[in-house]
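Coordinates in review
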Amino acid sequence: MSRIPALSEQLRKLNIEQMYENDFFLTWDKSDDEIAAVFAVADALRDLRERNISTKIFDSGLGISNFRDNSTRTRFSFASACNLLGIEVQDLDEGKSQIAHGETVRETANMISFMADVVGIRDDMYIGKGHTYQQEVADALRDGYETGVLEQKPTLVNLQCDIDHPTQCMSDLLHVIHAFGGVENLRGKKVAMTWAYSPSYGKPLSVPQGVIGLFTRFGMDVVLAHPKGYDVMDAVEKVARSNAEQSGGSFTKTNNMKEAFYNADIVYPKSWAPYAAMEERTELYGVGDFDGIDALEQRLLQQNAAHKDWECTEEMMSLTRDGSALYLHCLPADITGVSCDEGEVAQSVFDRYRVPLYKQASFKPYIIAAMIFLSKVKDPASALEMLEARAAERKAF
Amino acid sequence: MSRIPALSEQLRKLNIEQMYENDFFLTWDKSDDEIAAVFAVADALRDLRERNISTKIFDSGLGISNFRDNSTRTRFSFASACNLLGIEVQDLDEGKSQIAHGETVRETANMISFMADVVGIRDDMYIGKGHTYQQEVADALRDGYETGVLEQKPTLVNLQCDIDHPTQCMSDLLHVIHAFGGVENLRGKKVAMTWAYSPSYGKPLSVPQGVIGLFTRFGMDVVLAHPKGYDVMDAVEKVARSNAEQSGGSFTKTNNMKEAFYNADIVYPKSWAPYAAMEERTELYGVGDFDGIDALEQRLLQQNAAHKDWECTEEMMSLTRDGSALYLHCLPADITGVSCDEGEVAQSVFDRYRVPLYKQASFKPYIIAAMIFLSKVKDPASALEMLEARAAERKAF
Amino acid sequence: MSRIPALSEQLRKLNIEQMYENDFFLTWDKSDDEIAAVFAVADALRDLRERNISTKIFDSGLGISNFRDNSTRTRFSFASACNLLGIEVQDLDEGKSQIAHGETVRETANMISFMADVVGIRDDMYIGKGHTYQQEVADALRDGYETGVLEQKPTLVNLQCDIDHPTQCMSDLLHVIHAFGGVENLRGKKVAMTWAYSPSYGKPLSVPQGVIGLFTRFGMDVVLAHPKGYDVMDAVEKVARSNAEQSGGSFTKTNNMKEAFYNADIVYPKSWAPYAAMEERTELYGVGDFDGIDALEQRLLQQNAAHKDWECTEEMMSLTRDGSALYLHCLPADITGVSCDEGEVAQSVFDRYRVPLYKQASFKPYIIAAMIFLSKVKDPASALEMLEARAAERKAF
């Protein structure tokens, strides 16, 4: 049965005018209506595709991807989203370690965008750089459009920065919404966003930050747990506190993993690097002190090793609500005895949640496509209805 | 004149139900009807394209290519096949030497396939690994589909593994069918699949194995010739013997190149590495013994050098039926005096057969497209007729 | 208001029969009518896209790009042009330094082109090689088509060679035409194509050569200025002189930058390497003398450093007509105090011309698309009218 009528009706009630021709940097830049609209359009696009109805709104046009860090999953999600909408992907391969400035950013942004409808950027390597870079690109594109250089204003989609990972966290949340039977059922649920041990160092902070910045908007009790010294960005904690206050939920912190897991409905145990260490690393990188970076890495690995008990074991899971919290991970996880000797999660826990984890990931192409759709289509509700009425087959025979 | 009516009629007589939603690993997994269907659809797609009729059956969707070894020709053939059908290619670039296992294979297979209609894999580097890896991926994809992670079941197409090279050998055979004026004319023809000298070592076995595993199905007399010690996989020789028995042809072996060429209608002289040596290499690789690999390489090069007389010279060609056997090669060939000092084939022989060789290669995009078509379209005969009736122009003006 | 009726009418008056199924190597291979046709079609395609009218003339097909040197801008321009017309890009990644010959070129050209409608090549690294290579590929493709290997004749588009850079220089000129309000207003204008200092060495000659080979066709007074020893190819100077004679303009040379800038309407100050040095470099490369190449590089950098006064400063600009000549650059420019300490242009000059410079670059995708269009469409005037009448939306909602 088609979900389009209900989703279109829902969209019409939302105030989403500001999304048109706009960018997507951080979830907390967006209103609750705008966040709801992304979920509604993502569900609608998936519903259409499941019924073999084409969702192409473009006949041609380019989607530029700029991955300033290795990526397979997000790369494929972006390519899938563009393909869903009829845009062809063109990769911009910059040197990974290169941090471009000013003139170069502005010029490159315009030079690659003459036919671009969307530019997706992943830049999460250096604290204080990724988000700034994305804003520079977006400013350059807006300027290029306004001065007549570009014939359309490409939408910038943040595919992960140093502050937030909106396409990941919104996929995570849409998965949660489906798992709990609707966004209205999230109120009062306990979410444990916890650090977990990994033998690798320096994993980005954007996932825990994104999760506390987004999940606190839905009246849930969000607990951020990590060993002492593994703090995330202060500014994002402030966002989380403010969100919780407004949504009637809560945001608390603990250095005790068990406390976080206790009676949790949702757990998201995942390694990350201390924010302060990542700032230090960025400064070392800035002055080219690679010996200093190596020393920092060693220090961080030792620091991590002191917290091997932060693992999502069966015992930990048994502390959660009815012993069956929804386990989340952005993947790939460090699975004890599988991908490493000691890691973030026990094999038996991971195995039990494999299918839900894969489903969690499966929302990302639709979330990205929804972000693009909402920035490109003036009346999304009608457009979805017309796509359904047009009923062009995705696969002809 | 349209070939569609005749080819559709032929397709309707074949039992090809099992091809729908299925994969393509090895030609000997497939029935004679299924092999015939691939040829028929390949011819039909080519016929339509030659008459500027679009063969796009997809409006969107991704074709994932995973080349675990360098490739230009097969990469372009796969891209061409996907383009023919309306699927956009997205490359998965894994590290070349990386042999992933279990969890990683399963997870990656799903993560890249949310919008994938087809996954094409080339993995021919290590004996006992390539085919196994492809099966692991296909199992993961089937599982992903059945558990609701994937909205469609991507078809796996073997673009070369350690055992078979079905898209190559079926292109070779379709070329032969055209050259001899129909599959019915192949009965009784003599085919010489022979080793030939090359200054490089370690060329894959998948081509000779694929050829003896496929060509023996058509009542031909297939001779496999190589110097002592250059044996191919025993399991594939068994397939060839069994095929020959059933088809009323023969499969014989010799260590004498001239004997193989004598009165041959078709010759396929090509270098490959001894199966036993390739097994040894895989083991050395498995334990990380790179000095051992270098030593093996030197030994193999010396062994090769003892057989420089295995060259497809004019004198050799003069032994064939009327001195004018059809010369086959998967390209690129090692041409004496052109790409190397001493190689697989004399320049004058190669030059005389250049156009037929290029035509031989030109079938590959259509063979791949046919494999995808047959796995995606429930009623291929009607679909071809409808494509012709729809008559959408590939080039508009 | 639609420009299509006027542009179609203009096209109908031009003798462009020879463009159909033809290639584009050098602007001076083409008649004045053919050059005018490229500009007309580029303007028409842009006009249609600006009005959200699809310009797809292909439903499928491949555009092969072969960049034998790093490229971002031209890569994206080619991808944009193909996307405009409905062709999917497939990159051929050859080793950068590899100079293939004979058999390999012919074979590879055919193997990648079974579904190719266009092949775009950038090969500007070695004097005497790039253009020759492109011709070899085009000959192979023509031969492949004529012998029935290829079902369509792919069009070769020169994306930069050692002699000319037609897609760049035609974009430059179309920008000039728009800036001066029509090609009829170019007569008598003074153009200064001048060398400028850059801290890097060995920049290609194809831009200055392309500019003097093209701009001299429009009755302008073209001055080529450079320090002694920085001569360009003699053959191209001859083309420029002959063009100037026929068009009623002039082509002169000077070693004085100020003289060139004096009363100029258009200035194009840009670094390049001496032709003789590039010939030497090619020879050193040919014999594998990498020490010699390093020594040559040092010599050239020293030679460059003697000419740091060749910079497009405000003082230089004040010499031009009303102090406001149109400043051109193919980008990226070496901007003093921005991308280098001392460079081709002062920051304040560059900043003032940034928007026009970006617009200059924005014509390239349309120029490339026009070259392809004219080689693929038999009656371009009617095709443009039909595209407008068809009025397929590029973006649906």
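Scope of this entry: the structure provided in the associated data block. In this convention, every chain numbers its residues from 1, walking through the sequence in written order. The lettering of chains begins at A and the numbering of ligands begins at 1, in the order of writing. In view of the model being predicted, local features appear only for residues whose pLDDT reaches at least 70, and side-chain atom pairs are presented and counted only at 80 or more, with totals across whole chains, interfaces and linings using the full set of residues. The side-chain quantities take in all heavy atoms of the structure and omit both hydrogens and water.

As a further point, take the pairing of strand β3 (residues 116–123) of chain B. All names here are of chain B. Exposed residues in this analysis have more than 50% of their type's maximum accessible area, buried residues have under 20%, and partly exposed residues fall in between, with area computed by a 1.4 Å probe over protein chains only. Only DSSP runs of H or I covering at least 4 residues are called helices, and only runs of E covering at least 2 are called strands; the numbering of each starts at the N terminus. Counted residue by residue, β3 has eight buried out of eight residues, so it is predominantly covered. A pair of strands is considered paired only if DSSP assigns at least 2 bridges between the two. With six bridges joining them, strand β1 (residues 62–67) and β3 adopt parallel strand pairing. Its bridge partner being in β3, Ser65 is matched across the sheet by Gly120. Two elements, β3 and strand β4 (residues 155–161), share five bridges in a ladder whose sense is parallel. Bridging across to β4, Asp123 finds its partner in Cys161. By convention a crossover is right-handed if, when the strands point away from the viewer, the path from the first strand over the helix to the second runs clockwise. Handedness of the β3-helix α5 (residues 130–146)-β4 crossover: right-handed.

Okay, the interface of chain A and chain C next. Contacts are residue-level and defined by heavy atoms, with any inter-residue pair within 4.5 Å sufficient. Opposite the 32 residues of chain A that make contact, chain C presents 35 residues. Note: buried area is the sum, over both parts, of the accessible area (probe 1.4 Å) each one loses when the two are combined. Each partner contributes to the roughly 3,100 Å² buried at the junction of chain A and chain C, and carbon and sulfur atoms together form 56% of this total. When residues of chain A are sorted by the area they lose upon contact with chain C, Asp59(A), Met115(A) and Glu151(A) head the list and together hold 21% of the total. Salt-bridge detection follows one rule: a side-chain nitrogen of Lys or Arg within 4 Å of a carboxyl oxygen of Asp or Glu. Applying the counting rule to chain A against chain C returns three salt bridges.

This part takes up the state of the cysteines. Put simply, a disulfide is two cysteine sulfurs that come within 2.5 Å. Under the counting rule described, the total for this entry stands at zero disulfides over all chains. A disulfide-free cysteine, Cys82(A) has its sulfur positioned 18 Å from the sulfur of Cys82(B), the nearest such atom. Cysteine Cys312(B) shares no disulfide, and the gap to the nearest cysteine sulfur, in Cys340(B), comes to 13 Å. Note on Cys312(B): relative accessible area 0%, which makes it buried.

This brings us to the packing of aromatic side chains. Two rings from Phe, Tyr or Trp (for Trp, the six-membered ring) form a pair when their centres are within 6.5 Å of each other. A pair whose planes differ by under 30 degrees is stacked, one over 60 is edge-to-face, and the rest are tilted. Evaluated as defined, the whole model comprises 12 aromatic pairs over all chains. Their ring planes at 50° and their centres at 4.6 Å tell us that Trp195(B) and Tyr230(B) sit as a pair that is tilted. Highlighted residues: Trp195(B) in strand β5 (residues 190–195) and Tyr230(B) in the loop between β6 (221–225) and α8 (234–247), separated in sequence by 35 residues. Using a relative accessible area of 0% as the deciding quantity, one classes Trp195(B) as buried. Under the relative-accessibility criterion, Tyr230(B) is labelled buried at 0%. Here Trp195(C) and Trp310(C) contribute two aromatic rings whose centre-to-centre distance is 6.3 Å and whose plane-to-plane angle is 75°, an arrangement assigned as edge-to-face. Here Trp195(C), found in strand β5 (residues 190–195), pairs with Trp310(C), found in the loop between α11 (290–305) and α12 (314–318); they are 115 residues apart in sequence, far enough to count as distant. The structure contains a cluster of three or more aromatic residues connected by ring pairs, namely Trp195(A), Tyr230(A) and Trp310(A).

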